[in-house]
Amino acid sequence: MTSSTFQSNLMNLQSNLLNFAYMLTSNRDDAYDLLQDTTLKALDNEEKYAEGTNFKGWVFTIMRNIFINNYRRGVRAATIVDTTDNLYHLNLSQDSGIDSPEDSYGATEIQVAINELSADYREPFSMHVAGYKYEEIAQQLSLPLGTVKSRIYYARKRLQERFADYR
């Protein structure tokens, strides 16, 4: 394949490549960047293209590999390694999530609402929130597994209805 034919074929694929890049990135600007990187890489590696090979598949593979490499590079860059003595940053206490008295009141109000549920619903729901598995709750309360699941579901639903406008 001559260089001009190679470039012509590559330019004819630009709209298809852009669609594929947008599908991968879900961002217009990132898709254009990926398209540009792919075009440059294909042009730089023109001599590696083997005559008779599916040209479209070859270029799309280049794009996919560039996307995967960029993604992996981003994941590695986002990884934080604590190199301080005695792992100071990892041992910092975590935020409780309660920032103000209003937030504390919300938690109290939720607890009151849970306590207002009938015991049939309150006990399985409280155990589920505490981390018990459905099977453990069913065994401890001597109830069928389906009953436990439905009671937790209905308790959750009632709480969601009560606090629907809380946001």
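Caption draft 1: Representation of helix 8 (residues 145-162). Compared with an ideal rise of 1.5 Å per residue, which puts 18 residues at 26 Å, helix 8 spans 26 Å between its outermost C-alpha atoms and is within 8% of the ideal. Restricting attention to buried positions, one finds in helix 8 the residues Val 148, Ile 152, Ala 155 and Leu 159. Considered in projection along helix 8, the buried side chains sweep an arc of 65 degrees and stay on one side of the axis. Exposed side chains of helix 8 directed beyond 90 degrees from the buried face belong to Gln 160 and Glu 161.

Caption draft 2: Layout of the side chain of Glu 46. Relative to the elements of secondary structure, Glu 46 occurs in the loop between helix 3 (28-44) and helix 4 (55-78). Buried charge without a partner: Glu 46 forms no salt bridge, and the closest opposite charge is Lys 48, 13 Å away. Those residues in contact with Glu 46 that sit more than four places away from it in its chain are Thr 2, Ser 3 and Phe 6.

Caption draft 3: Quick look at the pattern of salt bridges. Evaluation of the coordinates by the stated rule reveals 1 salt bridge. One salt bridge in this structure joins Glu 116 and Arg 162, with 2.6 Å as the shortest N-O distance. Here Arg 162 lies in helix 8 and Glu 116 lies in helix 5 (residues 101-116), a separation of 46 residues in the sequence.

Caption draft 4: Examining the nonpolar core more closely. Within the largest apolar cluster, 18 residues are counted, with the highest numbers of intra-cluster contacts made by Leu 10, Leu 17, Phe 55, Trp 58, Val 59 and Met 63. Of all elements in the fold, only helix 1 (3-12), helix 2 (14-25), helix 3 and helix 4 reach the threshold of two or more residues within this core. Counting residues per element, this core draws most heavily on helix 4, at 7 residues. Ignoring any residue separated from it by four or fewer positions in sequence, one finds Leu 17 in contact with Leu 10, Leu 35, Val 59, Phe 60 and Met 63. Listed in part, the 12 residues of the second largest apolar core include Ile 114, Ile 137, Ile 152 and Leu 159.

Thresholds, definitions, all that
- Residues numbered from 1 in each chain as written.
- Predicted model: local features only at pLDDT ≥ 70, side-chain atom pairs only at ≥ 80, totals over all residues.
- Heavy atoms only, no water.
- Helix = DSSP H or I, 4+ residues; strand = E, 2+ residues; numbered from the N terminus.
- Expected span 1.5 Å × (residues − 1).
- Buried < 20%, exposed > 50% of the residue type's maximum accessible area, 1.4 Å probe, protein only.
- Arc of directions from axis to C-beta.
- Lys, Arg positive; Asp, Glu negative; His and termini not counted.
- Salt bridge = Lys/Arg side-chain N within 4 Å of Asp/Glu carboxyl O.
- Contact = heavy atoms within 4.5 Å.
- Core = buried A, V, L, I, M, F, W, Y, C linked by side-chain atoms within 4.5 Å.

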